[in-house]
Structures are given as structure tokens and as C-alpha cells.
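Structural description and commentary
Chain residues, written in single-letter form:
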Amino acid sequence: MPGSKEIRTKIKSVQNTRKITKAMEMVAASKMRRAQDRMRTARPYAEKIRNVAAHIGHANPEYRHPFLVSRDTVKRIGIIVITTDKGLCGGLNTNILRLAMNKMKEWESQGEEIEVCAIGNKGLGFMQRLGANIVSNVVGLGDRPQMEKMIGAVKVMLDGYTNDRFDRLMIFNTRFINTMKQEPTMEQLLPLSGEAIGAPTGNWDYIYEPDAKVVLDQVLTRYVESLIYQAVAENMASEQSARMVAMKAASDNAATVIDELTLIYNKSRQASITKELSEIVAGAAAV
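Report follows, based on the coordinates. (Residues numbered from 1 in each chain as written. Predicted model: local features only at pLDDT ≥ 70, side-chain atom pairs only at ≥ 80, totals over all residues. Heavy atoms only, no water.)

**Quick look at the pattern of salt bridges**
Put simply, the test is: What counts as a salt bridge is simple: a side-chain nitrogen of Lys or Arg found within 4 Å of a carboxyl oxygen of Asp or Glu. Each helix is a run of DSSP H or I of at least 4 residues and each strand a run of E of at least 2, with the numbering of both proceeding from the N terminus.
For the structure on display, the rule yields ten salt bridges. Between Lys31 and Asp143 there is a salt bridge; the shortest N-O distance is 3.1 Å. Within this pair, whereas Lys31 is found in helix α1 (residues 4–59), its partner Asp143 is found in the loop between β3 (134–138) and α4 (147–162), the two being separated by 112 residues in sequence. With a closest N to O distance of 3.8 Å, Lys103 and Glu106 form a salt bridge. Within this pair, Lys103 and its partner Glu106 are both found in helix α2 (residues 92–109), separated by three residues, close to a single helical turn.

**What to know about the packing of α4 against helix α5 (residues 212–286)**
Geometry of a packed helix pair, given as the angle between the helix axes and the separation of the axes. Under the convention used in this document: Geometry is summarised by axes, namely lines fitted to C-alpha atoms with helices restricted to the contacting stretch, and by angles between N-to-C directions that run from 0 to 180 degrees. Put simply, angles under 35 degrees are roughly parallel, angles over 145 are roughly antiparallel, angles from 65 to 115 are roughly perpendicular, and the rest are oblique. By convention, the crossing between two helices is left-handed when the near helix turns anticlockwise from the far helix through less than a right angle, and right-handed when the turn is clockwise. The contact criterion used throughout is that any non-hydrogen atoms of two residues lie within 4.5 Å.
Running from N to C, α4 and α5 cross one another at 120 degrees; their axes reach a closest spacing of 11 Å. Judged by the inter-axis angle, α4 sits oblique to α5. Taken as a pair, α4 and α5 cross one another with a handedness that is right-handed. Seen from α4, the contacting residues are Met147, Met150, Ile151, Val154 and Leu158; seen from α5, they are Thr221, Val224, Glu225, Ile228, Tyr229 and Val232.

Here is the structure:
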């Protein structure tokens, strides 16, 4: 059994660790509320531009934007992987990166080539270790997503699809369900079809100025950018929620360890006192 001094040192170390994890839990809880507010405030814009994009996409049949045209064959795929810049958030990054890696292996086994855009330091490091073909990346987004920082990397992927460098564009991110549940998801960004673009609720007619191509280029590009921004906002809300839960679990575990070590320390001290008393009694009896 370790000595009393070693046990006291261990207890002090765990107590210091618990102070850190408790502070990180409180910080994550504060950031989580702000991240959830940003995520919710971005949803009305995303819904409105989805509605406009659906109407515009169906209102001008003589011009089909490349984002709306499905390719006959898929030989090359572009993927956007959204992760966090920092760790200590449980299995959040592990789950989304495992999903991305499994899909990449599946596509590669079918002979498809893959180009990667990594948003977040953890995803960038993982893709580099995996030996993936990384064509663009963004790190250091902070606690508030800003489209200005992401636009360069996103444009590389959109231009790649427009220029036929790949035939599909997929996005991997963590969807925020609630504080205790975050779900890794994969969605198809391009070509826009099905639920991604939606169907118009009525027939709207438009007069395009200067022409339909310019208008559709702007609206559909902004629409895809809004989808990516919303995915990053959801991922950040998931990050803070996962970190708060992970730090709370660490704090609770530290408290349990402290209680166990305190019990061991008390037993050790009691055994030492009992031994000293026995020696005194034995010495007195001998005299």
C-alpha cells in the first residue's frame, strides 16, 4: 500500500484536475448556449433561400444550371469534412471521421477518385495521416462561424464540380439533435436534388435581369454556401454540447477518485495509528 504522503499528493493532483474540468464544463455550457442561438438564427435564412432556389430552379426550364443536372456516371467525388479545431469533446470527431473513412474506402473500392476539403484542424490532421487528396482546408474558425473565412475553400469545391473535376459533392458533419445527442451525417450537396432543393409550393414566374444564367449562378451558389454555413453552425453547437458533457463526466469521475483515495488514505492513517498504539501497549507490558 502506498504511503500517506503519496496518497495526499495523488488526492491534490486529482483535485487540481477536477478544478480544470469543472471550469471547462462551465465555459462549454456558456458557449453552447450562444452556439445554439447562432444555429437557430441561421435557419430562417436557410429556409427562405431554399424556397427561392426551389422556385427559381423550376421556373426556367430552358436553362439548367450545372448544380441541378445529375451526371450519368460518377467516377470522381468531392467531399467536405467538418470537424472541430480543438479536442476534449468526447467521440464527436471520431464518429464523423469514422463515417467519412468508411465511405471513402467504399468509394475507392468502386474505382472512384476522391478530393477532400477539410474544415477543422482535427479533420485536416486525420486526412493527412490517411493520405487523402486534400485540395483545400480551413482551420482556426474560432467559436463563431464566418463565411468569409470558409469562402475560399468552399469555392475550390464548387468550381471543381462546375469544371467537371468531380461528379458529386458530399458533406460530412455532425447534426445537433439535443444537448445529449449529436448525430454524424452525410448529405449530397451537388447535384441539388430531392430534399436538398425541395419542390416549389406554387408556380412563380420571374423576369430575369440581366439573364437567367447570371441570376441562377448567384442564387444557387449562395444556397449551397448557406447549406455549408448551417452545417458548420450545427457542428459548433454539437462541439460545445459534447465538450460540456465530456467535462461533466470527467469532473464526476474525478470526484469519485477523490472519494476512493480519501478512503484509502484514512484506512492507511488508521492502520498506522493502530500499529503505534500496539507498539506502545506492548512496550508497557514488557516493562
